[in-house]
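Structural overview for review
Next come the chains, spelled out residue by residue.
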Amino acid sequence: MPTMLGQNQYGKAGTRVVRIVRDGATHHIKDLDVSVSLGGDMEEVHHSGSNAHVLPTDTMKNTVFAFAREHGIDSAEQFGIHLARHFVTSQEHIHRARVRIEEYAWDRVVTSEGAGEHSFVRAGRETRLAQVTYDGDRWEVVSGLTDLTVLNSTDSEFQGYVKDRYTTLPETRDRILATRVSGRWRFNWTDDARETPDWDTSYEETRRHLLEAFAETYSRSLQQTMYTMGARIIDERDEIDEVRFSLPNQHHFLVDLEPFGLDNPNEVYLAADRPYGLIEATVLRDGCAARIPVGLTDL
């Protein structure tokens, strides 16, 4: 039976690079996990095993380390742009590059003498994400975050929903709303744009608008809250055209304390980690098409 080669790519995943910038006695740290994926004229290596067009994945790893020294790491996005441009423009047979980056935050250790100049503690916050794709003509930069856990202890209700013979969940006018945010947002930046975004500022401001929208919205459903978060980002950040969220509903159930002769005026809850509702949606700037995959893990 005749066959043909379909879409394919190869690369180096999980290159962990830590860059220390020594500003006198004060040090600054960037901690990234970089994955590179390349595609192009690769038919022959699949058909005959010829490696004539193959850049070794070990070389990709070495390039990450070398670029950390040569270019520094101003931001995850800018570092990914440097790498993607290099692989596509320096290798004749490479036609597209995708660079995915996870950035891990570190905070300075604070002592009685103030913030440490060279002592850090791993921050217990979300993981920052970036993905840069380049095919020699077009750029796509997608930033995001994962494992950002948020909770509203009130100003949330859930009622008026469809009920059938299997429905046991009681309606509530006052509940805990908690979720672990995974989000991606796509920039409208191109290589010939008059201005390149300040990637770090854009990330922090997008994160701020996301959190403020979550905190300020009286929620009748997690869907409503999620849409408000995305719409706030689109309205406030001109450089972003698309936002994609995946929000698992981390349920908190009011515990029945009557068997113990106690009341429970919305004070004691059981936090259930599973099963959980999973709410997903894309919010777009008017006139823009969706390009972030529906499954966030497919990025």
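All figures in this text were calculated on a predicted structure; none of them were measured in a lab.

**Overview of the overall build of the chain**
A tally of regular secondary structure across the chain gives five helices and 12 strands. Across its three principal axes, the chain shows a C-alpha extent of roughly 75 × 70 × 40 Å. For the chain, with 299 residues in total, the buried portion stands at 40%. Across the chain, every contact between residues at least 6 apart in sequence was considered, and the portion connecting residues at least 24 apart equals 65%.

**So, unusual backbone geometry**
Backbone torsion omega between Arg 274 and Pro 275 reads -5 degrees, so that peptide bond is classified as cis. With respect to the secondary-structure elements, Pro 275 resides in the loop between β11 (269-271) and β12 (277-284). Of note, the phi angle at Asp 155 is positive, near 60 degrees, even though the residue is not glycine. In this fold, Asp 155 is placed in the loop between β7 (139-152) and β8 (177-187). Under the relative-accessibility criterion, Asp 155 is labelled partly exposed at 41%. Phi angles above zero are rare outside glycine, and Asn 266 is one such case at about 60 degrees.

**Remarks on the environment of Gly 80**
Among the secondary structure elements, Gly 80 is positioned in helix α3 (residues 76-90). Setting aside residues no more than four positions away along its own chain, Gly 80 makes contact with Val 99, Ile 101 and Val 132.

**Some remarks on the packing of helix α4 (residues 199-216) against helix α5 (residues 222-236)**
The interhelical angle for the contact between α4 and α5, taken along N-to-C directions, is 140 degrees, at an axis separation of 8 Å. By the angle class used here, α4 and α5 are oblique. Every pair of crossing elements has a handedness; the one defined by α4 and α5 is right-handed. On α5, the residues that touch Thr 206, His 209, Leu 210, Glu 212, Ala 213, Phe 214 and Glu 216 of α4 are Thr 225, Thr 228, Met 229, Arg 232, Ile 233 and Glu 236. Residue composition of the contact of α4 with α5, grouped by class: five nonpolar, four polar and four charged.

**A closer look at the sheet that holds strand β2 (residues 26-40)**
In spatial order, the strands read β1-β2-β3-β6-β7-β8-β9-β12; together these eight strands make up an open sheet with antiparallel pairing. With one partner strand each, in any of the chains shown, β1 (10-23) and β12 form the two edges of the open sheet. The sheet shows a mean angle of 15 degrees between the axes of neighbouring strands, taken without regard to direction. Pairing analysis gives 12 bridges linking β1 to β2, with the strands arranged antiparallel. When the sheet's bridge partners are listed, Thr 15 is paired in β2 with Val 34. Packed on one face of the sheet, helix α2 (residues 57-70) meets β1 and β2 and runs near 20 degrees to β1.

**What about the pairing of β2?**
Most of β2 is tucked away: 12 of the 15 residues are buried. Hairpin connection between β1 and β2: a loop of two residues separates the two successive antiparallel strands, and Gly 24 in this loop has a positive phi of roughly 65 degrees. Where β2 and strand β3 (residues 94-104) come together, 10 bridges link them in antiparallel fashion. Residue Ser 37 lies in a different strand from β3, and its bridge partner there is Arg 98.

Rules of the game
- Residues numbered from 1 in each chain as written.
- Predicted model: local features only at pLDDT ≥ 70, side-chain atom pairs only at ≥ 80, totals over all residues.
- Heavy atoms only, no water.
- Helix = DSSP H or I, 4+ residues; strand = E, 2+ residues; numbered from the N terminus.
- Buried < 20%, exposed > 50% of the residue type's maximum accessible area, 1.4 Å probe, protein only.
- Contact = heavy atoms within 4.5 Å.
- Axes fitted to C-alpha atoms, helices over the stretch in contact; angles between N-to-C directions.
- Parallel < 35°, antiparallel > 145°, perpendicular 65-115°, else oblique.
- Left-handed = near helix turned anticlockwise from the far one by under 90°.
- Nonpolar A, V, L, I, M, F, W, Y, C, P; charged D, E, K, R; others polar.
- Pairing = 2+ DSSP bridges.

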